[in-house]
Amino acid sequence: MSQDISDSAPTMRSFFANRFVQSIMLSGLFLQIGIWIRNFAILLYVTDMTNNDPYSVSLISVAEFAPIFIFSFIGGAFADRWRPKLTMVWCDILSAASVFIIMITLYYGSWKAIFFATLVSSILSQFSQPSGMKLFKVHVHESQMQMGMSLFQSMMAIFMILGPIMGTFVYYTFGIEVAIAIMGICFVLSALVLTFLPSDRKAEKGSAGPSTHIFAEMGEGFRYVLKNKMLVTLGGCFAVAGLAIGLISPLGIFLVTENLGLPKENLQWFMATNGVAMIIGGGVTMGFSKKMSSQALLILGMSVSVVAFAVIGMTHLLWVALLMQFMSGLVMPAIQIGINTMILGNTEESFVGRVNGILNPLFMGAMVITMSLAGSIKAAFSLETIYITCAALFLVGVFIMVPSLKYKQTAVPQTSSE
């Protein structure tokens, strides 16, 4: 039996005493610091170098999200074959190495190499993230999964507030080179912390590796998802939600400057409002998670988002926009926790990587499509029309998910380490 999964009823104390939880949270802390400093420093750097060119700004988002669509399924399939702890450590080490190479390129080459920093870390995360999900299912008791997801969402929400402030401060105080260096150091520290994760299971250590071909395992993953009604429904919801988010994701800065008539720097306060709401929402969701199914959490979150995005796009009043931004952030943990819990609760451990690799591209692929077209759509339509379209797509997602309330979870008993 794994030392991290107790035979007795799990408690809050046992959850925080879990070595996996301690290590993965500290690793996440370092990654959040590095990623947020990178994201805002690169955004400000590119706007300075291109004089606020919308096309160049949208390329940052494409560099971040396009690899998720391309490599997610490949990374998920290999995550099911490789030892998850070792995979996560090496992904962080390779990310750090790529960052320091990019620093050298910045000194001697074109400034456009900065896009490569986002591209490489995004590709490697497609191998690391499903490995983390796989370990989460092994080392965290099933009844504590939603608690764990809530904790992750709370940490991410805190950095929604602190991240833009840190990134802006580092860039304007020290410059882009220092910002990229901090990112590399954070990846190194994350890799170091991950070495303290519980060892990979003996079965994985001792095995000679899968006997089937990688493409055969990919086919098994598709068949596994298609046989599971809950996962198929979630996939449809992912696709329309991706179209909606991609449509408005690059346009936040224009919402601030055009609809509200504020300087672009005020975008950080909208993100801070969203972050505060996510912290509160994470606590509220944790309280409701035992009383509501993960499907109900997801439907509730998406229903509130329909109203919030529609109003944000129509209003020219700062306080109304901030209030709707707060409401959107408040239900975001319900959406994300509902999704992750549905995936883990309806997927066998041996298929976690592939299921993530199939569902994530549905979301990210749809998002990259509308994100890539966002500049052209912005030129042809008003922000009001775009945000209302986003709200309508979320409403379609709600209709897709409603039948799932009648489905029963097809969870497979959790596997324990020896």
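Residues numbered from 1 in each chain as written. Predicted model: local features only at pLDDT ≥ 70, side-chain atom pairs only at ≥ 80, totals over all residues. Heavy atoms only, no water.

Taking an unreviewed UniProt entry as the reference, the protein is identified by name as MFS transporter belonging to Paenibacillus alginolyticus.

K.L.:
Whenever I open this one, the packing of aromatic side chains confuses me. Can you help?
P.N.:
The relative placement of two aromatic rings is captured by the distance of their centres and the angle of their planes. Summed over all chains, the structure comprises 5 aromatic pairs. Geometrically, the ring pair formed by tyrosine 171 and tyrosine 172 is edge-to-face, given 5.1 Å between the ring centres and 65° between the ring planes. Of the residues examined, tyrosine 171 reaches a relative accessible area of 11% and is grouped as buried. We classify tyrosine 172 as partly exposed; its relative accessible area is 47%. Where tyrosine 224 meets phenylalanine 351, the ring centres are 4.3 Å apart and the plane angle is 5°; that geometry is what we call stacked. In this pair, tyrosine 224 sits in helix α9 (residues 214-226) while phenylalanine 351 sits in the loop between α14 (318-345) and α15 (352-380), placing the two residues 127 residues apart along the sequence. Look at tyrosine 224 and you get buried, because its relative accessible area is 15%. (Phe/Tyr/Trp six-rings, centres within 6.5 Å; stacked < 30°, edge-to-face > 60°. Buried < 20%, exposed > 50% of the residue type's maximum accessible area, 1.4 Å probe, protein only. Helix = DSSP H or I, 4+ residues; strand = E, 2+ residues; numbered from the N terminus.)

K.L.:
What is the right way to read the nonpolar core from this model?
P.N.:
Proteins that are soluble and globular tend to have nonpolar side chains buried together. Counting 99 residues, the largest nonpolar core has Ile114, Leu234 and Leu298 as its most contacted members. The leading source of residues in this core is helix α2 (residues 19-50), at 13 residues. Setting aside its immediate chain neighbours within four residues, leucine 234 contacts Leu298, Ile339, Met342, Ile343, Leu359 and Met401. (Core = buried A, V, L, I, M, F, W, Y, C linked by side-chain atoms within 4.5 Å. Contact = heavy atoms within 4.5 Å.)

K.L.:
Just to check I follow, could you spell out the environment of phenylalanine 16 for this structure?
P.N.:
You can see phenylalanine 16 is positioned in helix α1 (residues 12-17). When the C-alpha positions of phenylalanine 16 and glycine 148 are compared, they lie 9.6 Å apart, and in sequence the two are 132 residues distant. Apart from residues lying up to four places away in sequence, phenylalanine 16 is in contact with Gln22 and Leu151.

K.L.:
Explain helix α11 (residues 252-259) to me, please; I cannot follow it from the model alone.
P.N.:
Each turn of an α-helix holds 3.6 residues, which means side chains three or four residues apart point in the same direction. For α11, the buried fraction is high: 6 of the 8 residues fall into the buried class. Considered for burial, the residues of α11 that qualify are Gly252, Ile253, Phe254, Leu255, Val256 and Asn259.

K.L.:
Before we go on, may I ask you to explain the confidence of the model for the protein in this structure?
P.N.:
Close inspection of predicted coordinates is inappropriate in any region flagged by low pLDDT. Residues at a pLDDT of 70 or more form 87% of the protein, whose mean pLDDT is 79. Of all helices and strands in the protein, the one with the weakest mean pLDDT is helix α8 (residues 202-206) (46), whereas helix α16 (residues 383-401) scores best (92). This stretch, residues 1-8, has a pLDDT under 50; its non-local contacts, to residues over four places away or in other chains, come to 21 contacts. In the model, residues 411-418 has pLDDT below 50 throughout and makes 23 contacts with residues more than four positions away in sequence or in other chains. (pLDDT = per-residue confidence, 0-100.)

K.L.:
Can you help me understand the packing of helix α13 (residues 294-314) against α16 in this one?
P.N.:
Between two packed helices, both the angle of their axes relative to each other and the distance between the axes serve to describe the pair. Viewed as axis vectors pointing N to C, α13 and α16 meet at an angle of 165°, and their least axial separation amounts to 8 Å. Taken together, the axes of α13 and α16 lie roughly antiparallel to each other. The crossing of α13 and α16 is left-handed. Between α13, through Leu298, Ile299, Met302, Ser303, Ser305, Val306, Phe309, Ala310, Ile312, Gly313 and Met314, and α16, the contact on the second element is made entirely by Leu383, Glu384, Tyr387, Ile388, Cys390, Ala391, Phe394, Leu395, Gly397, Val398 and Met401. Taken together, the residues of the contact of α13 with α16 break down into 17 nonpolar, 4 polar and 1 charged. (Axes fitted to C-alpha atoms, helices over the stretch in contact; angles between N-to-C directions. Parallel < 35°, antiparallel > 145°, perpendicular 65-115°, else oblique. Left-handed = near helix turned anticlockwise from the far one by under 90°. Nonpolar A, V, L, I, M, F, W, Y, C, P; charged D, E, K, R; others polar.)

K.L.:
Is there a simple way to explain the packing of α2 against helix α7 (residues 176-194) in this structure?
P.N.:
Between α2 and α7, whose axes approach to 8 Å, the crossing angle comes to 165°. Looking at the two axes, α2 sits roughly antiparallel to α7. Seen from above, α2 lies across α7 with left-handed handedness.

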